[in-house]
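In case you want the letters, here they are:
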Amino acid sequence: MKNHQSDEQSNKTENPGLTGRRDFMKTAGLTALGLSAAPLIITSCNSKSETDGKQEPAVTNSNGLVFPKGFLWGTATASYQVEGAANEDGRGKSIWDTFSHTPGKILNNDNGDIACDFYHKYKEDIQLIKSLNAKSYRFSISWSRIFPEGTGTPNQKGLDFYSRMVDELLANGIEPFGTLYHWDLPQALQDKNKGWQSKDTAKAFADYAGYMAEKLSDRVKHFFTLNELWTFIQLGYGDGVFAPGLKLPAAELYQARHHAVLAHGLAVEAIRAKGKAGTKVGLAENIKVGVPVFESPENIKAAETATREFNAGYMTVIMEGKYTDSFLKKAGADAPKFTAEELKTISSPLDFCGINIYNPEAYVQAAANEDGFEKIPFAKSHPTSTSKWQILGPESLYWGARHTQKLWNVKEIYITENGTSGTDELTADKKVYDTDRITFLRNYLTQLQRATSEGVPVKGYFYWSLVDNFEWASGYGTRFGLYYMDYKTLERIPKLSVSYFRAMAEKNAVL
Ligand code: GBH
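Residues numbered from 1 in each chain as written. Predicted model: local features only at pLDDT ≥ 70, side-chain atom pairs only at ≥ 80, totals over all residues. Heavy atoms only, no water.

1. Notes on the site of the ligand
Around the ligand sit 15 residues in total, of which Gln-81, His-182, Glu-228, Glu-471 and Trp-472 are the nearest. Between the ligand and Glu-228 there is a distance of 2.8 Å, counted from an oxygen atom to a side-chain nitrogen or oxygen. For the ligand, the accessible surface in isolation is 570 Å², of which the surrounding protein chains cover 80%. Each residue belonging to the shell around the ligand can be placed in one class, and the counts come to 7 nonpolar, 5 polar and 3 charged. (Near = heavy atom within 4 Å. Polar contact = N/O pair within 3.5 Å; in protein donor to acceptor, adjacent residues only side chain to side chain. Areas by Shrake-Rupley, 256 points an atom, 1.4 Å probe, with all protein chains shown as cover. Nonpolar A, V, L, I, M, F, W, Y, C, P; charged D, E, K, R; others polar.)

So this is what it looks like as structure tokens:
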């Protein structure tokens, strides 16, 4: 194995890819756009394995693609997708219990009653996280475990579960990042309020968020309000393919969307009011990323404008406190009703932004039209993962982070989800050779490292997901995990990508 010194040397001297790119950025005129390439930040690789006498890591060449010191490696999951224990310890039903138990809604009529049984196996899973060299874990809290009816009297046993899970993470040197809503709305609030169609649900969410901050912020320092507002509103209330399975007319859908961003803002205020000093709050949105089809200054500008518009009803209104003109114009008579005071709440300042990125929303080029950009249709032959919606485009990770910084001046960014699904065949001797996932990770993380090397403040990366789990309407057939789940025995089997992730997290570099 090369010694440490020579690794560092090679970072500085033989880095043709990066040097070439910086030259390109100059010639591409990025400096003129205020996007000058920051000096490369070179941190030394972790030399633990050389000093503590443990086995040497299998891979030693980081190609110079090193992340900043302190960069957080982690994995993510969500309550309904992994916990199971659907009827235990006083948990109330959520809209996903109802939806998944409605025949025909989920592939193979799968449901989350047992899922990965994380509720009982969390200690085992925390050891899996630890063995990945991950120092952080993003989990979500099931609202109906805490408030079985959505509001009212909290259920102590529900709280106890998250409390002991957080203690276990901390005892293993893993920092907990808590998401307050990953789509499992208490069924009681769907019944009583029509869910997100009512402002009362937004208020109930804020009460629950404040309660959780009060109880956990002595140990959980980062809270995400809502996960992927676009997804649960559009697919749940617009397209009917996610819970609660509604297809609302446009005006009602716009209003539900407005209540979701309002819920976010009210929750931010509640967490600030009830959390310990220093509690940080942000969101986790699947930002829709416009990727310049190639990097000319005009296309880069167009991709930025496009990204602002693609996210107008979600990230943009949250970050800017206004709906864009073009959003309101397109909505016309269906536009949501809102007050100036609500916009102020919605745009309460955040401590950080979490962005979930799996694919580009579109490749974009400059155009002489009203919008200033046009979307380029994807080629039919453009590669996808086994999830057909997942158009592969590693640059989306770079541009997603960079647009977030540039458009909204964000100082702390986390990639709160990124991952891919594969066929993941289990061999007779219990191996999974997921070469596609490894290739995916190498390509996407190379783009993320490009962002950090240019000074985009990405502080951490959470792979989706730790284990294969309940993939919503696709049930258990679609696998995103680093660990393979044998759903008959609930055995967790490391895929080849576990070794890869572990080595990268140790080196803090793309390998
Ligand atoms: C994330 O969404 C979720 O946060 C996470 O829970 C999920 O497991 C993970 O992705 C993997 O899917 O059913 O054809 O209408 C990512 C964004 C938006 C991608 C909804 C899938 C559904 C397409 N997702 N989309 S479809």
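2. A look at the packing of helix α12 (residues 250-274) against helix α14 (residues 312-320)
Packing of α12 against α14 brings their axes to within 10 Å, and their N-to-C directions diverge by 35°. Seen along the crossing, α12 lies across α14 with a hand that is right-handed. Facing Arg-257, Val-261 and His-264 of α12, the residues of α14 in contact are Gly-313, Tyr-314, Val-317 and Ile-318. Taken together, the residues of the contact of α12 with α14 break down into 4 nonpolar, 2 polar and 1 charged. (Axes fitted to C-alpha atoms, helices over the stretch in contact; angles between N-to-C directions. Helix = DSSP H or I, 4+ residues; strand = E, 2+ residues; numbered from the N terminus. Left-handed = near helix turned anticlockwise from the far one by under 90°. Contact = heavy atoms within 4.5 Å.)

3. A word on the pattern of salt bridges
Enumeration over the complete set of coordinates arrives at 23 salt bridges. In this structure, the salt-bridge partner of Lys-199 is Glu-342, at a minimum N-O distance of 2.7 Å. In this pair, Lys-199 is assigned in helix α10 (residues 199-216) and Glu-342 in helix α16 (residues 340-346), connecting sequence segments 143 residues apart. Overall, the relative accessible area of 32% leaves Lys-199 in the partly exposed class. Because the salt bridges share partners, they merge into one network encompassing Asp-424, Asp-434, Arg-437, Asp-468, Arg-479 and Lys-495. (Salt bridge = Lys/Arg side-chain N within 4 Å of Asp/Glu carboxyl O. Buried < 20%, exposed > 50% of the residue type's maximum accessible area, 1.4 Å probe, protein only.)

4. Digging into the packing of aromatic side chains
Each aromatic ring pair is described using two quantities: the centre-to-centre distance and the angle formed by the ring planes. Evaluation of the coordinates by the stated rule reveals 51 aromatic pairs. The interplanar angle of 15° and the centroid separation of 6.5 Å between the aromatic rings of Phe-139 and Tyr-162 together place this pair among those described as stacked. Of this pair, Phe-139 sits in strand β2 (residues 136-140) while Tyr-162 sits in helix α8 (residues 156-171), and the two are 23 residues apart along the sequence. Each member of the pair, Phe-139 together with Tyr-162, is buried. (Phe/Tyr/Trp six-rings, centres within 6.5 Å; stacked < 30°, edge-to-face > 60°.)

5. Details of the sheet that holds strand β5 (residues 280-285)
Strand order in the closed barrel made by the 8 strands is β1-β2-β3-β4-β5-β7-β10-β11, with parallel pairing throughout. Each neighbouring strand pair of the sheet contributes to a mean axis angle of 25°, computed without reference to strand direction. Two strands pair when backbone bridges link them, and β2 and strand β3 (residues 175-181) are joined in this way by 5 bridges, in the parallel orientation. Within the sheet, the bridge partner assigned to Arg-138 lies in β3 and is Phe-177. On the sheet, α12 packs against β3, β4 (222-227) and β5 and is oriented at approximately 160° with respect to β4. (Pairing = 2+ DSSP bridges.)

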